[in-house]
2 protein chains.
Amino acid sequence: MSIRLNSDTEVLAKTFGARGARLALMVKLGLPVPDGVILSSATVQAIAHGETVPEIPTELTSGGLLSVRSSPENLDWGGPNAILNIGMTDDFVKTQSQKIGVRGAMDLYRRFIQSYAVTVEHLDPEYFENLYYDQLKLADVDSEEDLSDADLSSMLANCKALYEEEIGSPFPQDPRAQLHGVIRSMARAWNGPTAKILRLAKGAPEDAGLSIVVQKMALGIGDNSGSGFVQMVDEKTGRARIWGRFLPQSQGQDALMGLRTPHMITKAEREEAGQSVPSLQEISPETIKTLQDVGAKAAMGMGDAFQFEFTIENGEVFLLDAMPAKRSARASLRVAVDLADQKAISRDEALLRIEPRNLVEHLHPQIDPHATRDVFGTGLPASPGAATGKIVFSPEAAMSSEAQEEPCILVRIETSPEDIRGMHSAAGVLTVRGGMTSHAAVIARGLGLPCVVGAGDLKLNLQKRIITTLDGQEFREGDVITVDGTRGQALIGAPKMILPELGGAFLTIMEWADNARTIGVRANADTPMDARVARDFKVDGIGLCRTEHMFFEEDRITVMREMILANSEADRRAALDRLLPMQRSDFVELFEIMRGLPVTIRLLDPPLHEFLPHSRDEMQDLAEAMDLPISKVMARAADLKEFNPMLGKRGVRLGVTMPEIYEMQARAIFEAAAEVTKSSGAEIVPEVMIPLVSANKEVELVKHRVDRVAEEVRVEKGTALKFKLGVMVETPRAALRAGDLAQSSAFLSFGTNDLTQMTYGLSRDDAGRFMRDYINLDVFHEDPFHTLDLEGVGELLLMAAKRGREANSDLVLGLCGEHGGDPASVRFCKVAGFDYVSCSPFRVPIARLAAAQASILVES
Amino acid sequence: MSIRLNSDTEVLAKTFGARGARLALMVKLGLPVPDGVILSSATVQAIAHGETVPEIPTELTSGGLLSVRSSPENLDWGGPNAILNIGMTDDFVKTQSQKIGVRGAMDLYRRFIQSYAVTVEHLDPEYFENLYYDQLKLADVDSEEDLSDADLSSMLANCKALYEEEIGSPFPQDPRAQLHGVIRSMARAWNGPTAKILRLAKGAPEDAGLSIVVQKMALGIGDNSGSGFVQMVDEKTGRARIWGRFLPQSQGQDALMGLRTPHMITKAEREEAGQSVPSLQEISPETIKTLQDVGAKAAMGMGDAFQFEFTIENGEVFLLDAMPAKRSARASLRVAVDLADQKAISRDEALLRIEPRNLVEHLHPQIDPHATRDVFGTGLPASPGAATGKIVFSPEAAMSSEAQEEPCILVRIETSPEDIRGMHSAAGVLTVRGGMTSHAAVIARGLGLPCVVGAGDLKLNLQKRIITTLDGQEFREGDVITVDGTRGQALIGAPKMILPELGGAFLTIMEWADNARTIGVRANADTPMDARVARDFKVDGIGLCRTEHMFFEEDRITVMREMILANSEADRRAALDRLLPMQRSDFVELFEIMRGLPVTIRLLDPPLHEFLPHSRDEMQDLAEAMDLPISKVMARAADLKEFNPMLGKRGVRLGVTMPEIYEMQARAIFEAAAEVTKSSGAEIVPEVMIPLVSANKEVELVKHRVDRVAEEVRVEKGTALKFKLGVMVETPRAALRAGDLAQSSAFLSFGTNDLTQMTYGLSRDDAGRFMRDYINLDVFHEDPFHTLDLEGVGELLLMAAKRGREANSDLVLGLCGEHGGDPASVRFCKVAGFDYVSCSPFRVPIARLAAAQASILVES
């Protein structure tokens, strides 16, 4: 099967390949594409298996040269190189000489023989290269240009003789035979084992087919002729700007090859580059107009910005191909917004065009320009933004640091593919070696991760885990540093940061996303600072406020420890009474910042031993501070020690067995809500969330006490306090029993971090030890802590959602694990009918866009 | 509603209470039950609420005394005490005097007035006691027998006067009014708040009803009269043997009250007790024959052995009640077997009669009579059998020891209800105080747990955790001791044990159980010793052989550690090569013992750090032994340390990332199988089990390597080796993905210990800290590590079984957690269609019986 390029038929990439499909569309839009024909992948497959090549219409084959190019379904899968100038024969070279001169014609002929011999007959290209250099030597000149016409003629003759000698028959003089030879060799090459393995590795299916495009040549050689590429948007910013390269007297991709210095497309470009050769605009202003017209038509007709390969033949523009215009992640937003503003695409399409992860680039804070910069190392600004964290020296350490929710900076000599997972986990990257295109730089830019590379003034001893500066300063694992990927500096400590200016296309896209999405996006925010960031990122509320972080502050940890060391419930209550006003003020601040948006507060979760000091010295200090014998502190610590803290006495298990803790927290929440309701006038309805539930009776017991506290506060404050009580679903059993839980709960929020740990029987803190092997061996397709495991954890979520809603149709469902910021997981939540996802503040824009995409896809 | 006792109506305990139902059945069988009527619970309820008492047939009320007894649906729920001799009046006492003499008649009348006054009119019993003692004092005698007829008459008059003075009206002289008063007071008493709370605490439902039995009195006073109880089976052994107590001139439960020394029932009994008063057999041999006849008829008609309350009135025997004969757990087997042999019940019924847990009593080893006994403490032999274990001083320590599968002996001053959970976890109990009916003794006997109480020659310091003997010897937590509950001794170390002789009824029941059961019972056996015990207990195979225990032996742990400390795969393989022959010989021995029964071998499961020493001294020793710097050992140990070992790098995660370990194990298994197949002639088909799977790819990777090893062994040994590869389902994800796993697996065996931990997010090692509170608060109805959580873990099991069988109809399903020995869990497995359960060897008989019961119940 084959179709004419100018056919009206709807062209499918599946049948005619990506290039073929696009060329047909361009023809349909009236763009200047050379006439031609496309052989379908089935036809090409038949040819590979020995069938004859179908007849090519005579208006194509008669009296002109042809090009043959491959058109796989996906251009990333590769395919045989194009062959140009098919139809060159001893006769035609003469005709052609009259058109473009004898030298040009001979050159084309010789190059065609060479590529035909190499591609179709598999001769060694070196033969021809030797021939070429022999001729230069014989003529005693340095370059082809210095060869005489006779020299060129002799070289052509030698070329043909070489062909005949190696193949045993003269170079074919029948254009049809040439064409068939080229097509057949391409079909076979596609089916060769090496080509197959290569494309399988790129993700092509076993039966991926190749289509072939046969077109009339636009020569590019002769008067007012040449070739080049052009695109209408800026690669870096995405703004409208025509730019490209042009090479007179050239064909195909010559302009990209770098054999001769190409011309710029516009005068502005040329001037900026300080180039003297005239730009195409200066040579032929009307050509620029034609190209601009082409760009505008393509954008409107095909809904994207393209980079065009063009050839100018005697002043006439021909388009050989149109690839999506090159653009940075940041530029893609501008392009999408502009296309939508031009009505070339809908806003929904614009939203779907943007990879949510790419937004990361927009979101990185910068060091405050007024901050003092204590620089200890200088390198290249490989990826913009600044990040502060503790030094780690291995990807494993980075992962374990992430698991503990401590930002870290990964410091390496250079990075290699094994480090990628660690880079995912790091807040920033610093390498001692490497340039702007080093592995670290490329990956960091891909991840939108602040990165400084080639900081050669630092000495790194990985054995001892020490960074040494030129002047002998030392930094060790755990020390806090900052990388400034915008300036290329490593700084001591944590200088003041400012958020990036989020303007223009970013804000437009976010606005459109919020209009399009039908699933809420909240933030996980533990502190007023987090809450402010979240608010700036326009969240729908706080989905997870972890209260334990509040107790680690200097003034509180001591009281917390007194509570833990208390001998009786009465002593414990006395300590809790002192914590109450501190907690209350935390919540007052949070409620004020969130100004009436929902705030979900998780009651205390970690096992108590996490609040006790670990070293003997610290214990001694604590004992002295509390006027206790150290033995008592040590005994209590030993008492609280657990084999598997993740599966120990934490969460609601504390709430049930030491109810006075949750009572204090509930009181703090309710008093704060009453206070802010009164002061702000907006009704604050806090959401109280119980962690680590595995049986509904746990919820009932806590609910009973929380209700009582609420009633007390209502009476004391004389207000009509409202609140919601819900469950954080983190154990598989809670998911299975969601029907029970829904009867005592206003909401269920899935804590997919812990749920993943328990469903897999896999501690995130310990998984770093073998996760890399597991991904490499494809035991897990993805790290289930990064991308929600749909088959296992996902099933539990669906089951729980169904059972919960059946038992309580008003039940609100949310997800508050780190998966809340993962686009695929957001999509899953939308499909599962969740009401919201909640993620870390800096991932909120990603989640908002992912939520919009999911809403568009699910509801269309 | 009421029924006549001799009615043909089918009597339901629900309507007429347990006593009423049984009496009706006895009447139906022609047993000598006094004539009477039963008021249904609905009628009694109506009376309590003010309705009138229905008419009692005149043949009952006219001309004789009546008794009124309560008949709750379940006799354990309690109920008002019986009232006897209703109908005694001033008139009737005269009639009665002629029958049984004036003293006897006056005594009955006075006792009736007293019990009527106390029960119906709520007078203080002390009034009447004072009256009684006043009369003795007045007459200046010590006992009632020394009072003159006039004294007795005066006491009766005083009694009536007291009644009249307190109540305001004379003692009722209308027998009908007396009867109605008694019935009404019983009905009200049942509905009183205290009675209600007491029976709710015993598990009665909110609406539990009371029926009332009204019967003619058999007097027991007069010539050839008296009362007593008798049963036909020995309380301790269950063998046929008539025994009981009899008290001439007595009523009701007088024979049990101990006011006078009762007579034995048979001459043999009397002689054995060295009693001089004649036995009932000697007084009235024909009565014994009547009673024996009653016993035989009741057994055949009601399918059990009973203890009868009887009264003899003028030589005629009347049965007042028949309660299931008292019998020890051990006796219940004999009784059930005998009943079945007599065809009084079917074998299935006999099997259902026995509480599987009671078999524990039969299963405890004893100290070998020839063993040296190194006694350090002596107490009372509170519960038979002997057990060896490490000393623990708290129930928490006992639970944690059990979790680590280390037998322990719980040592306490005395035990209290808080210790019960710890006792469940201990192998034996030793207390310093307490007698044969102390808490420890009672509970230990109930649990079939070897127990010594009141070892007063030991001093226990719980603070320091030291036991000190009289001669100053000290024992500390972790020291190994043995308690001999048969002799009442505490011994140093672990003397040689012998298994109990399991004869007679036990073997019969086990044989019947095996015939009845349609679900397999295997044993969890790690060592040849375990396997031999299992074989002796007639298992169907080994369902779980944990190979890691094999590496802790002296000669192996060093090589194991070399393997762990190896720098390269090559070094690791060298160490594994040295472990291979040791592993092989383990398996050879196992296969030989099991003689062709299936043996499921679990590949290495624990994280490697479990094999490294923990203290610095031990590390130093290891470093020296291996000629390594201690820093290297410490670094490796630090490297392997995990936050949550339960969720860490263990099980198949080791198998995937260090495949050479599983390869060695597979080779050892296959070589051993080939060797034993050759030497024994029986084909050994080992079952290789992969632990901690969470994704099928893990199975595929291990399977690929195991298959290759099998092929190598086939070629090397020239045998046609067969084996099965399966998965231990321990993670919720494995259960959810059972459909995938079933495609690579021949069997799935559910490791419900770990599966419970992960489903609940609860570490068994750490749960002891709050499990007691959780059970007390009814957060968990049962400890899910003892009784399978049907609602959560059970659902995962059902889901996995369904998905697994759908994907692979030949899939074999088993359960190998400790729940395998829990009767309720065995029943669940039968319902779920599992092929077998596997439990610890000593629980095998329990599982066999539970399996039989489940099979009978499921298939009937």
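From a predicted model like this one, the values you see are computed outputs, not experimental measurements.

**Student:** Residue-level account of the nonpolar core, with values.
**Tutor:** If you look at the biggest cluster of nonpolar residues, it comprises 286 residues, and the most contacted ones within it are Phe591(A), Phe670(A), Phe834(A), Phe591(B), Phe670(B) and Phe834(B). Beyond its immediate sequence surroundings of up to four residues, Phe591(A) is in contact with Gly596(A), Val599(A), Ile601(A), Ile669(A), Ala672(A), Ala673(A), Val676(A), Ile684(A) and Pro686(A).

**Student:** So what about the sheet that holds strand β20 (residues 474-476) of chain A? Which residues, and what values?
**Tutor:** Residue and element names in this part refer to chain A. What the three strands build is an open sheet, ordered β18-β19-β20; its pairing is antiparallel. Two strands in the sheet have a free side with no partner beyond their single neighbour: β18 (458-461) and β20. Mean inter-strand twist for the sheet, computed between neighbouring axes without regard to direction, equals 20 degrees. Pairing analysis gives three bridges linking strand β19 (residues 466-469) to β20, with the strands arranged antiparallel. Within the sheet, the bridge partner assigned to Ile467 lies in β20 and is Phe475.

**Student:** For the interface of chain B and chain A, give the residues involved together with the corresponding values.
**Tutor:** Taken together, the contact pairs 51 residues of chain B with 50 residues of chain A. Counting the surface chain B buries against chain A, the share from its top three residues, Leu647(B), Arg733(B) and Arg769(B), is 15%. A salt bridge links Arg737(B) to Glu791(A); the shortest N-O distance between them is 3.7 Å. Across the contact surface, chain B and chain A share 26 residue pairs in polar contact (both at pLDDT 80 or more). Among the secondary structure elements, those contributing two or more residues to the side of chain B that touches chain A are α25 (630-640), α26 (652-657), α28 (696-717), α29 (732-736), α31 (752-760), α32 (764-776) and α33 (793-807) of chain B. Of all the elements, α32(B) adds the most residues to the side of chain B that touches chain A, at six residues. Looking at the side of chain B that touches chain A, its residues break down into 21 nonpolar, 11 polar and 19 charged.

**Student:** I'd love a proper account of helix α4 (residues 90-100) of chain B, names of residues and values included.
**Tutor:** Residues and elements named next belong to chain B. Here α4 has its buried residues at Phe92, Val93, Gln96, Ser97 and Ile100. Angular distribution of buried residues about the axis of α4 spans 150 degrees; they occupy a single face of the element. Opposite its buried face, α4 presents the exposed residues Asp91, Lys94 and Gln98, each directed more than 90 degrees away. In this structure, the buried residues of α4 make contact with α5 (102-119). Backbone geometry just downstream of α4 places Gly101 in the positive-phi region, at approximately 90 degrees.

**Student:** So what about the relation of the copies chain B and chain A? Which residues, and what values?
**Tutor:** Each copy superposes on the other: chain B lies on chain A with an RMSD of 0.5 Å after a rotation of 179 degrees and an axial shift of 0.3 Å. The two molecules are tied by a two-fold rotation axis, judged by turn and shift. When C-alpha distances to the rotation axis are compared across chain B, the minimum falls at Asn644(B), with a value of 2.1 Å. When the interface residues of chain B are mapped onto chain A, 98% of them again fall at the interface, so both copies present the same face.

**Student:** Can you explain unusual backbone geometry? Please cite residues and give values.
**Tutor:** Here Arg595(A), not a glycine, exhibits a phi torsion of approximately 40 degrees, which is positive. Looking at where Arg595(A) falls in the secondary structure, it is placed in the loop between α23 (569-594) and β26 (599-602).

**Student:** Any details on the pattern of salt bridges? Residues and values, ideally.
**Tutor:** Under the criterion given, the structure shown has 114 salt bridges over all chains. Residue Asp368(B) pairs with Lys496(B) through a salt bridge whose shortest N-O separation is 3.6 Å. Of this pair, Asp368(B) sits in the loop between β11 (366-367) and β12 (375-378) while Lys496(B) sits in the loop between β22 (489-492) and β23 (497-498); the two residues are 128 residues apart in sequence, bridging distant segments of the chain. Since its relative accessible area comes to 9%, Asp368(B) is described here as buried. In the salt-bridge network here, residues are joined through shared partners; they are Glu548(A), Arg602(A), Asp605(A), Arg650(A), Glu730(A) and Asp754(A).

Cut-offs applied
Residues numbered from 1 in each chain as written. Chains lettered and ligands numbered in written order. Predicted model: local features only at pLDDT ≥ 70, side-chain atom pairs only at ≥ 80, totals over all residues. Heavy atoms only, no water. Core = buried A, V, L, I, M, F, W, Y, C linked by side-chain atoms within 4.5 Å. Buried < 20%, exposed > 50% of the residue type's maximum accessible area, 1.4 Å probe, protein only. Contact = heavy atoms within 4.5 Å. Pairing = 2+ DSSP bridges. Helix = DSSP H or I, 4+ residues; strand = E, 2+ residues; numbered from the N terminus. Axes fitted to C-alpha atoms, helices over the stretch in contact; angles between N-to-C directions. Buried area = accessible area lost by both parts, 1.4 Å probe. Salt bridge = Lys/Arg side-chain N within 4 Å of Asp/Glu carboxyl O. Polar contact = N/O pair within 3.5 Å; in protein donor to acceptor, adjacent residues only side chain to side chain. Nonpolar A, V, L, I, M, F, W, Y, C, P; charged D, E, K, R; others polar. Arc of directions from axis to C-beta. Least-squares fit on C-alpha atoms with pLDDT ≥ 70 in both.

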